[in-house]
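Here are the chains, one letter per residue:
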Amino acid sequence: MTREIVIVGAGKVGTAIAVLLQRVGYPIVGIASRTRESAAEAAKRLDPSPEFGDVPAELTRKGEIVLITTRDDAIEMACNAIAEDRGFHEGQVVLHVSGSLPSTILSSAKEKGALIGSMHPLQSFADVDMAIKTLGGSFFCLEGDKEAVETANELALSLKGQVMTIETEDKPIYHAAAVIASNFFVSIIDMSLRFYEAIGIDREGGLKALMPLIKGSLNNIEALGPVKALTGPIARGDARVIWKHIQAIGRALPELLPIYTALVRLNVDVGLRKGTLAPEAAERILEIVEG
Ligand SMILES: NC(=O)c1ccc[n+]([C@@H]2O[C@H](COP(=O)([O-])OP(=O)(O)OC[C@H]3O[C@@H](n4cnc5c(N)ncnc54)[C@H](OP(=O)(O)O)[C@@H]3O)[C@@H](O)[C@H]2O)c1
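Residues numbered from 1 in each chain as written. Predicted model: local features only at pLDDT ≥ 70, side-chain atom pairs only at ≥ 80, totals over all residues. Heavy atoms only, no water.

> Which residues make up the pattern of salt bridges, and what are the values?
All chains considered together, the criterion is met by 13 salt bridges. The salt bridge involving Lys146 is made with Glu150; its shortest N-O contact spans 3.2 Å. Residue Lys146 and its partner Glu150 are both found in helix α7 (residues 146–158); the two are separated by four residues, about one turn of the helix. What makes Lys146 exposed here is its relative accessible area of 62%. For Glu150, a relative accessible area of 45% puts it in the partly exposed group. (Salt bridge = Lys/Arg side-chain N within 4 Å of Asp/Glu carboxyl O. Helix = DSSP H or I, 4+ residues; strand = E, 2+ residues; numbered from the N terminus. Buried < 20%, exposed > 50% of the residue type's maximum accessible area, 1.4 Å probe, protein only.)

> Could you give an account of the packing of helix α8 (residues 171–198) against helix α9 (residues 203–224), naming the residues involved and the relevant values?
For the pair α8 and α9, the least separation of the axes is 9 Å and the interaxial angle reads 125 degrees. As far as their axial angle goes, α9 and α8 are oblique. The element α8 and its partner α9 pack so that their crossing is right-handed. Counted together, Phe185, Ile189, Asp190, Ser192, Leu193, Arg194, Tyr196 and Glu197 of α8 and Arg203, Gly206, Leu207, Leu210 and Ile214 of α9 form the full contact between these two elements. The class makeup of the residues in the contact of α8 with α9 is seven nonpolar, two polar and four charged. (Axes fitted to C-alpha atoms, helices over the stretch in contact; angles between N-to-C directions. Parallel < 35°, antiparallel > 145°, perpendicular 65-115°, else oblique. Left-handed = near helix turned anticlockwise from the far one by under 90°. Contact = heavy atoms within 4.5 Å. Nonpolar A, V, L, I, M, F, W, Y, C, P; charged D, E, K, R; others polar.)

> Which residues make up the domain arrangement of the protein chain, and what values go with them?
Splitting the protein chain by domain gives domain 1 (5–166) and domain 2 (173–290). The straight-line distance from the C-alpha centre of domain 1 to that of domain 2 is 39 Å. (Domains from an automatic or database assignment.)

> I'd love a proper account of the sheet that holds strand β7 (residues 139–144), names of residues and values included.
Read across the open sheet, the eight strands follow the order β3-β2-β1-β4-β5-β6-β7-β8; overall the sheet is mixed. Sheet topology places β3 (51–53) and β8 (162–165) at the edges, where each strand pairs with a single neighbour. Put simply, the sheet's adjacent strands are angled 20 degrees from each other on average, direction ignored. Note that strand β6 (residues 115–121) and β7 share five bridges and pair antiparallel. Residue pairing for β7: Gly117 is matched across the bridge by Gly144. (Pairing = 2+ DSSP bridges.)

> How would you summarise the site of the ligand if you had to cite specific residues and measurements?
In the vicinity of the ligand there are 23 residues, among which Arg34, Thr35, Ser38, Asp72 and Phe125 approach most closely. Burial of the ligand by the surrounding chains reaches 81%, relative to a free accessible area of 900 Å². Mapped by element, the contributors of at least two residues to the shell around the ligand are α1 (12–23), α4 (72–84) and β6. Among the elements that line the shell around the ligand, the one with the most residues is α4, at three residues. Tallied by class, residues from the shell around the ligand come to eight nonpolar, eleven polar and four charged. (Near = heavy atom within 4 Å. Areas by Shrake-Rupley, 256 points an atom, 1.4 Å probe, with all protein chains shown as cover.)

> Please provide a residue-by-residue account of a nonpolar patch on the surface, values included.
A surface patch of nonpolar side chains, amounting to about 250 Å² of accessible area, comprises Phe185, Leu218 and Ile221. Position of Ile221 among the secondary structure elements: in helix α9. Among the residues examined, Ile221 registers a relative accessible area of 39% and is labelled partly exposed. (Patch = residues over 30% accessible without salt bridge, like charges linked within 9 Å, V, L, I, M, F, W, Y side chains within 5 Å.)

> Please give an account of the nonpolar core that cites residues and values.
The nonpolar side chains of a soluble globular protein tend to be buried, and buried together. Ranked by internal contacts, the top residues of the largest apolar core, which has 35 residues, are Ile5, Leu21, Ile31, Leu67, Met119 and Leu155. When residues of this core are assigned to their parent elements, the largest contribution, seven residues, is made by α1. Here Leu155 is in contact with Ile5, Leu21, Tyr26, Ile65, Leu67, Leu95 and Met119, once residues within four sequence places are set aside. Core analysis: the second largest hydrophobic core is formed by 16 residues, Leu253, Val268, Ala282 and Val289 among them. (Core = buried A, V, L, I, M, F, W, Y, C linked by side-chain atoms within 4.5 Å.)

> Would you mind going over the side chain of Ser33 in detail, with residue names and values included?
Relative to the elements of secondary structure, Ser33 occurs in the loop between β2 (28–32) and α2 (36–44). With relative accessibility at 10%, the residue Ser33 sits in the buried group. Apart from the residues within four sequence positions on either side, Ser33 is in contact with Gly9, Ala10, Ser38, Ala39, Gly53 and Asp54.

> Which residues make up the environment of Arg236, and what are the values?
Tracing the sequence through the fold places Arg236 in helix α11 (residues 233–236). For the pair Arg236 and Ala109, spaced 127 residues apart in the sequence, the C-alpha separation amounts to 56 Å.

> Give a description of a negative patch on the surface that names residues and reports values.
On the surface, Glu37, Asp54, Glu58, Glu84 and Asp85 cluster together to form a negatively charged patch. Secondary-structure assignment places Glu58 in helix α3 (residues 56–60). (Lys, Arg positive; Asp, Glu negative; His and termini not counted. Charge placed at Lys NZ, Arg CZ, Asp CG, Glu CD.)

> Lay out α2 in plain terms, naming residues and giving numbers.
Along an α-helix, residues three or four apart share an orientation, since each turn contains 3.6 residues. Of all the positions in α2, only Ala39, Ala42 and Ala43 are classed as buried. Buried positions in α2, seen along its axis, are confined to an arc of 100 degrees and lie on one side of it. Pointing more than 90 degrees away from the buried face of α2 are the exposed residues Glu37 and Lys44. Buried residues in α2 make contact with α1, β2 and β3. (Arc of directions from axis to C-beta.)

So this is what it looks like as structure tokens:
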């Protein structure tokens, strides 16, 4: 628990992780950022307040663990600049916190003898205070060099987080899953509201009406898992309802029909796995969808 930590990137995640790791006893010995102002702002939240600055390599030299918490598009560049300025050394652990990028973007640190990895908190943070509240206890996805993953595991567990470890090459699939569960879910709710708008229900009223249904579905997914939680016409094998949907959507919102039919296919797959959708009913639904 005594390894010294330096943070590079004093934004939401960088500041929150510095505050939380200091709380559980890690010495935070430096905070660097693109601008001195952000680094100073983050340093002010810590007690004792660490050194801060806008030349990361000057600070990273002093740490045994370097957490690069810049925006995704700056991670590789920041890492390369630190490597060039001799800010990394043999045996240091260098981690980034991006969900979409693999640890291999830190290869310039590895060339200097560091061990590289990533630890992605599977959570969404709107601001620093919210990140301080919710980062601890998050699920962290870890990948990278064995010793770097061990360090990331130690950090995540000390933040009362839970961990899952993946292979570096599986990072895009891991991230796509998160995008589906979070971002695509948002688009699906938006699609529902567009259907309501098409029949004269405004977005605000539509969302208010849908929220109990959405929350009920989330509760069922959490309690039962998505397969057992499936209800509705496809789970019951009611092909006529799907036929009526397709006719109506084709008239009112034809541009959304391909998405609706793709989602019907996915729903059929879940219904079959649930066992309440008979294979013959599934066939009828798929025939309707294929037109
Ligand atoms: N926010 C989330 O919901 C969330 C969730 C999971 C993971 N993450 C990951 O966390 C990382 C940071 O995201 P964030 O939301 O905390 O971003 P953010 O609030 O925008 O902060 C990014 C910080 O990076 C600094 N920075 C940019 N370029 C830099 C450079 N070349 N050298 C040093 N510092 C630099 C910026 O500094 P200045 O302020 O000085 O310009 C900024 O403070 C990303 O990898 C992101 O994928 C974010």
